[in-house]
Amino acid sequence: MAFREVNSKMIEATVLPGQRLYSQRGAMLAYKGDVSFTPSVQSGQGGLMSMLGRRVAGEAAPLMTVEGSGTVLFGHGGHHIQIIELTGDTLYVEADRLLAFDGALRQGTMFLGSQGGVMGMVRGQVSGQGLFTTTLQGHGAVAVMAHGGVIEVPIGPGREVHVDPQAYVAHHGDVRNRLSTALGWRDMVGRGSGEAFQLELSGSGAVYVQASEEKL
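We now turn to the structure provided with this report. (Residues numbered from 1 in each chain as written. Predicted model: local features only at pLDDT ≥ 70, side-chain atom pairs only at ≥ 80, totals over all residues. Heavy atoms only, no water.)

Focus on the overall build of the chain
- Tallying secondary structure elements over the chain gives 3 helices and 13 strands in all.
- The burial tally for the chain puts 50% of its 216 residues in the buried class.
- Across the chain, every contact between residues at least 6 apart in sequence was considered, and the portion connecting residues at least 24 apart equals 83%.
- Carbon and sulfur atoms make up 52% of the accessible area of the chain, which amounts to about 9,700 Å² in all. (Helix = DSSP H or I, 4+ residues; strand = E, 2+ residues; numbered from the N terminus. Buried < 20%, exposed > 50% of the residue type's maximum accessible area, 1.4 Å probe, protein only. Contact = heavy atoms within 4.5 Å. Areas by Shrake-Rupley, 256 points an atom, 1.4 Å probe, with all protein chains shown as cover.)

Next up, the structure:
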C-alpha cells in the first residue's frame with residue numbers, strides 16, 4: 001500500500017489485491033480500476049470497544065474499507081493532508097483527523113488525558129480536546145488532515161513541547177502527555193485555547209501541529 005502526495009490537499013493511494021485500506025467516509029474524490037468501497041462496521045482493527053470509545057468521546061469517525069486493484073484519489077473539505085510513515089511505532093491521532101490509513105496497521109484507542117490523571121480528564125473536557133485518541137501501530141502509511149498546514153516538532157530529552165490542544169494533530173514515539181493549565185479555575189471559565197490549556201509532551205518522538213486552532 002502506498003500514498004503519494006498529489007498536492008497539499010489531495011493524495012493518491014495504490015490499492016493492491018489482497019490488501020485493504022481504510023478511509024474517512026466521503027473522502028474518495030475519484031478512482032481508477034476495480035476498487036470497492038464498503039462501510040467498516042468495526043472501524044478497522046480496533047473492534048467494537050474501539051468504536052464505542054470514540055463515540056463516548058464524541059469522535060465517531062465512520063470509515064470505509066477500500067479493496068481491489070487500482071488507484072484512488074482522496075481529499076476532504078479542502079483540508080491540508082500530511083502523510084506519516086510508520087515503521088513499527090505507534091501514532092496517536094484524533095479520529096476526526098484521519099483521512100486514510102493502511103489496513104495492516106493495528107487500530108485502537110487511548111485516553112489522551114490518562115497520563116495526566118483525573119485533572120487531565122477534567123481539563124480535557126473543559127478545553128474541548130477529544131478525550132479519546134485513535135492509535136495506529138505497525139508498518140504502513142497514514143494520511144491525516146489539518147487546517148492551514150502541518151509542522152513536525154521533535155520531542156527529546158530536556159526538550160518537552162507545549163501545544164495548544166486545539167492545534168494538536170498527532171504524535172508518535174516514546175512520548176508522555178499531560179494536560180495542564182497556567183491559570184486558576186476562575187480564569188479558565190470560558191477559555192478553551194492554549195492561553196488557558198497546554199498539552200505537554202515529553203520523552204522521545206515528534207508531535208504534529210496544525211497552523212490553525214480551528215477544529216475539523
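Moving on, there is more to tell.
Things to note about the nonpolar core
- Residues Leu91, Phe101 and Val142 are the most contacted members of the largest nonpolar core, which totals 17 residues.
- In this view, Leu91 contacts Ile84, Leu86, Thr134, Thr135, Leu136, Val142, Ala170, His171, His172 and Tyr208; residues no more than four positions away in its chain are not counted.
- Ranked by size, the runner-up nonpolar core spans 16 residues in total, among them Phe3, Phe74, Ala143 and Met145. (Core = buried A, V, L, I, M, F, W, Y, C linked by side-chain atoms within 4.5 Å.)

Regarding the pairing of strand β7 (residues 98-102)
- In terms of residue burial, β7 counts as a mostly covered element, since 5 of its 5 residues are buried.
- Judged from the 3 bridges that link them, strand β3 (residues 20-24) and β7 form a sheet pairing that is antiparallel. Note on β7: the bridge partner recorded for Tyr22 is Phe101. (Pairing = 2+ DSSP bridges.)

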